[in-house]
Amino acid sequence: MNYQRFFEEAIDQLHAEKRYRVFANLERIVGRFPRAIWRDGGDQREITVWCSNDYLGMGQHPDVIAAMQQAAGNMGSGAGGTRNISGNNHPLVELEAELADLHGKETALVFTSGFISNEAAISTIARLLPNCLILSDELNHASMIEGVRRSGAEKKIFRHNDLAHLESLLAAVAPERAKLIVFESVYSMDGDVSPIAAIADLAEKYNAMTYIDEVHAVGMYGPRGGGITDREGQAHRMDVVEGTLAKAFGTLGGYIAGTRAVIDAVRSYAPGFIFTTALPPAIAAAATASIRHLKNSQMERDAQQRQARRAKEVLSAAGLPVMPSETHIVPVLVGDPELCKKASDRLLDRHGIYIQPINYPTVPRGTERLRVTPTPFHTDELIDGLKDALLETWEALGIPFAQKTREERASSERIVPLVVSKSGG
Ligand SMILES: *Cc1c(COP(=O)(O)O)cnc(C)c1O
């Protein structure tokens, strides 16, 4: 066996399929969100980031940075060990209380990432339940799929957001059998939202547990930023709410919130929780500051929604193939992996705009796209600049425009400009 050759060929395979990933070398600039420095070989240039999951710019909010600096100054950089060995650092205790309150749950448990929280919690819950059947939405995130796989439990995949299909699967199982429905609230590649109340109804009817991933909603939806379940008053009907501290909250880590019994079982049985070093106190303190801020401030949520709506309107009016989305996520269809990568490269090279290409397996083949995430800091001027850059790129590379009649295009061009206050930056 020639080991080096083997791995080289594995990489060649990705090149052949045009889905080899290259990461840009970026340095974000505090106070100037969404601007960043891009280093390309010996050159460096300032660019605008249009695809950040720091959805509200909280990663550079002064309160969040101050909390991080203060905790690091007082308590040092690391946690000093697993929680089993080093105990709970105090900021982590505060963070978990804050999260339990955010979701109206008895308790919460923090992990080192959202990925680990899904993998550890789903696998542990489904492994502990005897003969558990997992019902999993077909578009669930890789971390949830990993949790399902690791559990060793039987699984049935239901068609995306398809209640009739979910019900037919539930109805086919013996009523007394343990069942766990795992799904997301906001699906991050299409920006659509699941029918949470209807899924909760089915879970009640068939006595199933519910596990919802609110990673792309926490901080951004609901009057206190508790996610779509907060907005729709459904959190109390979910057995487990999972979220991340790394996207809208702008730091790092993941968590689950639920009843004492369920959360304590995961704490006590999940290797992915037990055998890894805890989140550093500075990160926990920063996350708490961010959550507290967003519990009390609606401004960021409103501005994000306004700018996302405006971006959708402006890009659609220009004939760009904006995919339908109910949320802050604005996917623009390219439909080809090579063109998608080329479009991304051209936007960066020529226009100083960074949007990473989204290719298979993150999305199905043929639906390759650019995924735009406007934030409160993407002003109307930046949106107009994005539109011009995308138009130039679409024309230069021959990417298909939206299939629209001339009448539709003409009427959608008569959009009323929104009045947007500058959200600072
Ligand atoms: C990003 C993501 C995660 C993982 O969260 P991290 O904190 O980044 O590890 C989990 N679920 C979904 C749907 C995600 O998009």
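Residues numbered from 1 in each chain as written. Predicted model: local features only at pLDDT ≥ 70, side-chain atom pairs only at ≥ 80, totals over all residues. Heavy atoms only, no water.

On to the overall build of the protein chain. Check the secondary structure of the protein chain and you find 16 helices and 16 strands. Taking 2.2 N^0.38 as the reference for a compact globule, 425 residues should give roughly 22 Å; the C-alpha atoms of the protein chain span a radius of gyration of 22 Å, in line with that estimate. Along the first, second and third principal axes, the C-alpha set of the protein chain runs to 60 × 55 × 55 Å. Counting only residues that meet the buried cut, the protein chain has 52% of its 425 residues in that class. Sequence separation of at least 24 residues holds for 72% of the intrachain contacts in the protein chain that already meet a minimum separation of 6. Per element, the accessible surface of the protein chain, about 19,000 Å² overall, is 52% carbon and sulfur. Distance between charge centres in the protein chain, computed from 46 positive and 53 negative side chains, equals 1 Å. (Helix = DSSP H or I, 4+ residues; strand = E, 2+ residues; numbered from the N terminus. Rg over C-alpha atoms; globule rule 2.2 N^0.38 Å. Buried < 20%, exposed > 50% of the residue type's maximum accessible area, 1.4 Å probe, protein only. Contact = heavy atoms within 4.5 Å. Areas by Shrake-Rupley, 256 points an atom, 1.4 Å probe, with all protein chains shown as cover. Lys, Arg positive; Asp, Glu negative; His and termini not counted. Charge placed at Lys NZ, Arg CZ, Asp CG, Glu CD.)

The subject of this paragraph is unusual backbone geometry. In this structure, the amide linkage connecting Phe-33 to the following residue, Pro-34, adopts the cis form with an omega of 5 degrees. Its location among the elements puts Pro-34 in the loop between strand E1 (25–28) and strand E2 (35–40). Here the amide bond leading from Tyr-360 into Pro-361 is cis, since omega sits at 5 degrees, within 30 degrees of zero. Its place among the elements puts Pro-361 in the loop between strand E15 (357–358) and strand E16 (369–372). The phi dihedral of Asn-207 is positive, around 50 degrees, even though this residue is not glycine. Within the element layout of this structure, Asn-207 appears in the loop between helix H8 (196–205) and strand E10 (209–213).

Let's shift gears to the sheet that holds E16. Spatially, the three strands line up as an open sheet ordered E13-E16-E15, and their pairing is antiparallel. The open sheet terminates on both sides in strands that have one partner only, identified here as strand E13 (330–333) and E15. Note that E15 and E16 share two bridges and pair antiparallel. Note that in E16 the partner of Pro-357 across the bridge is Leu-370. Along the sheet face, helix H14 (residues 337–351) touches E15 and E16 and points at about 45 degrees away from the line of E16. (Pairing = 2+ DSSP bridges. Axes fitted to C-alpha atoms, helices over the stretch in contact; angles between N-to-C directions.)

Further remarks concern the site of the ligand. Gly-114, Asp-213, His-216, Thr-244 and Lys-247 are the nearest of the 14 residues found near the ligand. Here His-141 contributes a side-chain N or O atom positioned 3.5 Å from a nitrogen atom of the ligand. Within the side chain of Asp-213, one N or O atom sits 2.7 Å away from a nitrogen atom of the ligand. Protein coverage of the free-state accessible area of the ligand, which is 380 Å², stands at 85%. Looking at the shell around the ligand element by element, the count peaks at three residues for helix H5 (residues 114–128). Class assignment for the residues of the shell around the ligand results in three nonpolar, eight polar and three charged. (Near = heavy atom within 4 Å. Polar contact = N/O pair within 3.5 Å; in protein donor to acceptor, adjacent residues only side chain to side chain. Nonpolar A, V, L, I, M, F, W, Y, C, P; charged D, E, K, R; others polar.)

The N-to-C vectors of helix H4 (residues 90–103) and helix H12 (residues 281–296) enclose an angle of 30 degrees; their axes lie 8 Å apart at closest approach. Taken together, H4 and H12 sit at an angle that is classed as roughly parallel. In this structure, the crossing between H4 and H12 has a hand that is left-handed. In this structure, H4 uses Pro-91, Leu-92, Glu-94, Leu-95, Glu-98, Leu-99, Asp-101 and Leu-102 to contact H12, whose residues at the interface are Pro-281, Ala-284, Ala-285, Ala-287, Thr-288, Ile-291, Arg-292 and Lys-295. Across the contact of H4 with H12, the residue classes tally to 10 nonpolar, one polar and five charged. (Parallel < 35°, antiparallel > 145°, perpendicular 65-115°, else oblique. Left-handed = near helix turned anticlockwise from the far one by under 90°.)

Assignment of secondary structure puts Ser-123 in helix H5. The spatial distance from the C-alpha of Ser-123 to the C-alpha of Val-266 is 9.3 Å, given a sequence separation of 143 residues. With residues near it in sequence (within four places) discarded, Ser-123 still touches Asn-118, Gly-147, Arg-150 and Ser-151. Polar contacts involving the side chain of Ser-123 include one to the main-chain carbonyl oxygen of Glu-119, which spans 2.6 Å.

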